[in-house]
Amino acid sequence: MKSLNPRFIFLLSLTVVSSSLGFYLPGLAPVSFCEKEDAKECQKDIQLFVNRLDSVESVLPYEYDAFDFCKDTDERRPSENLGQVLFGERIETSPYKFTFKSDKACVKVCTKSYDAGSKEDKLKLDFLKKGMELNYQHHWIVDNMPVTWCYIVEGNQKVCNPGFPIGCLVKEASDMHKNAYYIFNHVDITIFYHSGDETNGMSARLVAATLEPRSVKHSNDDKPTCDGTPMDIPAEFKNNLKVTYTYSIQFKQNDDIRWASRWDYILVSMPHTNIQWFSIMNSLVIVLFLSGMVAMIMLRTLHKDIARYNQMDQEESGWKQVHGDVFRPPRMGMLLSVFLGQGTQVFIMTFITLFLACLGFLSPANRGALMTCSVVLWVLLGTPAGYVSARLYKTFGGENWKTNVLLTAFLCPGIVFVDFFLMNLILWVEGSSAAIPFGTLVAILALWFGISVPLTFVGAYFGFKKPPPVRTNQIPRQIPQQSFFTKPVPGIIMGGILPFGCIFIQLFFILNSIWYGLKSYHAEMC
């Protein structure tokens, strides 16, 4: 019996040890909370952060400060990575501050006054009513975890949405005014925590945070009681108006939820995030079956033909004649090589990103990691793009290598950047939070010109050094008359409709998740 390789034993033991001890990704380590002031490894105060407000009925997200809500006197903005900035996230501190295990009822946050004679107040109120009409959603964060709004839908199914509306518009109702806006100025917040393990010295950790928004017209703004009729804002602003924002906080112990799995209840309850296993397996089986069938037919046909041609006296006949014409340059060989190089770059970037996501490095808790990883990988994969493009272009016998390299480095990225820049100008004019700051645009250009373009030239250098695999005949062979189904348009339709049918369902869910940022579930509350 052969002895095991010492390297294999070392790697196996290292894997077992790392799996047993566990590790946390940077920035994702748990935070412990406790009631004592003198504790060194835990904290007592809990800060609630607010993010941008968005809507499924509008493509323009806005910062929290764009609406006239209560603001933190000591406002701080945590540092955001490239992915968060590109996705338009704008996280900042809020005036909602809690103390661990300190339940409070109907705490006043602030009071906003609107003067009917002030044009500025009228604009603020109109913008707030427009947000309620378009169903703009708050997105609050506690301990790097979304504060969810859970409710029951048809079929007695519980749905937890990582956002809640700022209010609603009631056009017709029997017991309310018509065409009235009702703002949700009170929230009942419930924070669940895991008590921890005293034997291991582990303190309490937050595992869930939910809220219930309500509209309350406070009779006394200085000492609110959070009981009364809904707070209505008339469609026509004629009289002075005061809106008092309040909250109630409650802490509950729940040892059934572990800190590592505290996101599960959100992902499971959201219908559009469920993995479509049936469609995935169906597409996978179709692709594998058809690929295997085509490969088997090609192998049997080629094997018989080549065996028959080898028995003939002629030197070249049948499939043997393909090598002299298979690399004949097409009419637009330059563009084909450029697009193939860029496609290779995007394909490798997508594959590595999905692989890292499967390993858990791009979890939802690590905000902006998906986009940051994609951009960085695309920048660093300029070498394969230049190599593939230059290699194919030289195989076609091309001589304008400078044009090929420049097009590979600037054509597709340039089109995307121009489109991105024009959309960013529109967002900037509209005052949306999705507008990318000027410094970020400069950083993207620096990554493109400073890293991606030089790496593309390096890859093209090695691609042009290799000779073509075979020589192409100087005189092209005459192509016989083709039947109808072998012409380009029917061939494209027949060859593309089946792969498109396989990926259509997955592509729909992927694009839907990207467009709505995994927060597209919409339910009417009013």
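Residues numbered from 1 in each chain as written. Predicted model: local features only at pLDDT ≥ 70, side-chain atom pairs only at ≥ 80, totals over all residues. Heavy atoms only, no water.

> Sorry if this is basic, but what is going on with the environment of Leu354 here?
Looking at where Leu354 falls in the secondary structure, it is placed in helix H6 (residues 333-358). Once the C-alpha coordinates of Leu354 and Ser374 are considered, the two residues, 20 residues apart in sequence, prove to be 9.7 Å apart. (Helix = DSSP H or I, 4+ residues; strand = E, 2+ residues; numbered from the N terminus.)

> Can you help me understand the sheet that holds strand S13 (residues 180-183) in this one?
The antiparallel open sheet is built from 3 strands, whose spatial order is S12-S13-S16. Each edge of the open sheet carries a strand with a single partner, namely strand S12 (167-170) and strand S16 (232-234). Ignoring strand direction, the axes of neighbouring strands in this sheet form an average angle of 25°. Taken together, the 4 bridges between S12 and S13 define a ladder with antiparallel strand orientation. (Pairing = 2+ DSSP bridges. Axes fitted to C-alpha atoms, helices over the stretch in contact; angles between N-to-C directions.)

> Could you clarify how one ought to interpret the packing of helix H8 (residues 382-395) against helix H10 (residues 438-465) in this entry?
Between two packed helices, what matters for the description is the angle formed by their axes and the separation of those axes. Relative to each other, H8 and H10 sit at 35°, their axes nearing to 6 Å. Considering how the two elements wind past one another, H8 and H10 form a crossing that is right-handed. Contacts from Gly382, Thr383, Gly386, Tyr387, Ala390, Arg391, Tyr393 and Lys394 in H8 reach Ser452, Leu455, Thr456, Gly459, Ala460, Phe462, Gly463, Phe464 and Lys465 in H10. In the contact of H8 with H10, the residues fall into 7 nonpolar, 7 polar and 3 charged. (Left-handed = near helix turned anticlockwise from the far one by under 90°. Contact = heavy atoms within 4.5 Å. Nonpolar A, V, L, I, M, F, W, Y, C, P; charged D, E, K, R; others polar.)

> Would you mind going over the pairing of strand S9 (residues 149-153) with me for this structure?
Along any regular strand the residues' side chains alternate between the sheet's two faces. In this structure, S9 lies alongside strand S10 (residues 157-161), joined through 5 bridges in antiparallel fashion. Residue pairing across strands places Val153 opposite Gln157, the latter belonging to S10. Between S9 and S10, which pair antiparallel and follow one another directly, the connecting turn spans 3 residues, one of which, Gly155, has a positive phi of 80°.

> How do you make sense of the nonpolar core when you look at a structure like this?
Formed by 51 residues in total, the largest nonpolar core has its most connected members in Phe98, Leu128 and Trp140. Tallying contributions element by element places strand S17 (residues 241-253) first for this core, with 6 residues. If we ignore the near neighbours within four places in the chain, the residues touching Phe98 are Lys44, Asp45, Ile46, Leu48, Ile189, Ile191, Tyr247, Ile249 and Phe251. The next biggest cluster of nonpolar side chains, apart from the first, holds 18 residues, and it includes Leu362, Leu377, Trp378 and Ile436. (Core = buried A, V, L, I, M, F, W, Y, C linked by side-chain atoms within 4.5 Å. Buried < 20%, exposed > 50% of the residue type's maximum accessible area, 1.4 Å probe, protein only.)

> What am I meant to see in a nonpolar patch on the surface here?
A cluster of nonpolar residues, Val418, Phe421, Leu422, Leu425, Trp428 and Val429, forms a patch on the protein surface that exposes about 620 Å² of accessible area. Inspection of the secondary structure assignment puts Val418 in helix H9 (residues 401-430). (Patch = residues over 30% accessible without salt bridge, like charges linked within 9 Å, V, L, I, M, F, W, Y side chains within 5 Å. Areas by Shrake-Rupley, 256 points an atom, 1.4 Å probe, with all protein chains shown as cover. Salt bridge = Lys/Arg side-chain N within 4 Å of Asp/Glu carboxyl O.)

> Help me out: how do you make sense of the state of the cysteines in this one?
Defined simply, a disulfide is a covalent bond joining two cysteines at their sulfur atoms. Per the counting criterion, the structure on display carries 4 disulfides. A sulfur-sulfur separation of 1.9 Å characterises the disulfide bridge that pairs Cys34 with Cys42. The disulfide joining Cys34 to Cys42 has a torsion of about 80° about its S-S bond and is therefore right-handed. Residue Cys70 pairs covalently with Cys110 via a disulfide, S to S 1.7 Å. Residues Cys70 and Cys110 are joined by a disulfide whose S-S torsion is about -80°; by sign, that bridge is left-handed. Within this pair, whereas Cys70 is found in the loop between strand S3 (58-62) and helix H2 (82-86), its partner Cys110 is found in strand S5 (residues 104-114), the two being separated by 40 residues in sequence. (Disulfide = S-S within 2.5 Å.)

> What is the right way to look at the side chain of Ser58 in this model?
Inspection of the secondary structure puts Ser58 in strand S3. The buried category is assigned to Ser58, whose relative accessible area is 18%. A polar atom in the side chain of Ser58 sits 3.3 Å from the backbone nitrogen of Leu60. A polar contact is formed between the side chain of Ser58 and the side chain of Tyr136, at a distance of 3.0 Å. (Polar contact = N/O pair within 3.5 Å; in protein donor to acceptor, adjacent residues only side chain to side chain.)

> How should I be thinking about the UniProt feature "transmembrane region" (unreviewed entry) in the protein in this particular structure?
Within this structure's numbering, the places UniProt gives as "transmembrane region" (unreviewed entry) are residues 277-299, 338-362, 368-393, 405-429, 441-464 and 485-511. Overall, residues 368-393 shows 92% helix and 0% strand. The separation of its end C-alpha atoms is 37 Å. (UniProt positions renumbered as here; feature names shortened; annotations may be inferred.)

> Help me understand the environment of Asn366, please; the structure alone is not making it clear to me.
Within the element layout of this structure, Asn366 appears in the loop between H6 and helix H7 (369-380). With 222 residues separating them in the primary sequence, Asn366 and Asn144 have C-alpha atoms 8.7 Å apart.

> How should the pairing of S17 be read in this particular structure?
As defined by bridge partners, S5 adjoins S17 across 8 bridges and the pair is classed as antiparallel. Paired with Cys110 across the bridge in S17 is Tyr245. With 8 bridges connecting them, strand S14 (residues 186-194) and S17 associate as parallel partners. When the sheet's bridge partners are listed, His186 is paired in S17 with Thr246.

> Whenever I open this one, the packing of H9 against H10 confuses me. Can you help?
Following both chains from N to C, one finds H9 and H10 inclined at 160°, their axes separated by 9 Å at the closest point. One finds that H9 runs roughly antiparallel with respect to H10. Relative to H10, the crossing made by H9 is right-handed. Considered class by class, the residues forming the contact of H9 with H10 number 17 nonpolar, 5 polar and no charged. (Parallel < 35°, antiparallel > 145°, perpendicular 65-115°, else oblique.)

> I tried to follow the sheet that holds strand S4 (residues 92-99) on my own but got confused; where do I start?
Hydrogen bonds along the backbone pair up the strands of a sheet, which may run parallel or antiparallel. Ordered in space as S4-S1-S7-S8, the 4 strands form an open sheet in which the pairing is antiparallel. Single-partner strands in this sheet number two, and they are S4 and strand S8 (145-146). Pairing between strand S1 (residues 45-50) and S4: 5 bridges, direction antiparallel. Note on S4: the bridge partner recorded for Val50 is Glu92.

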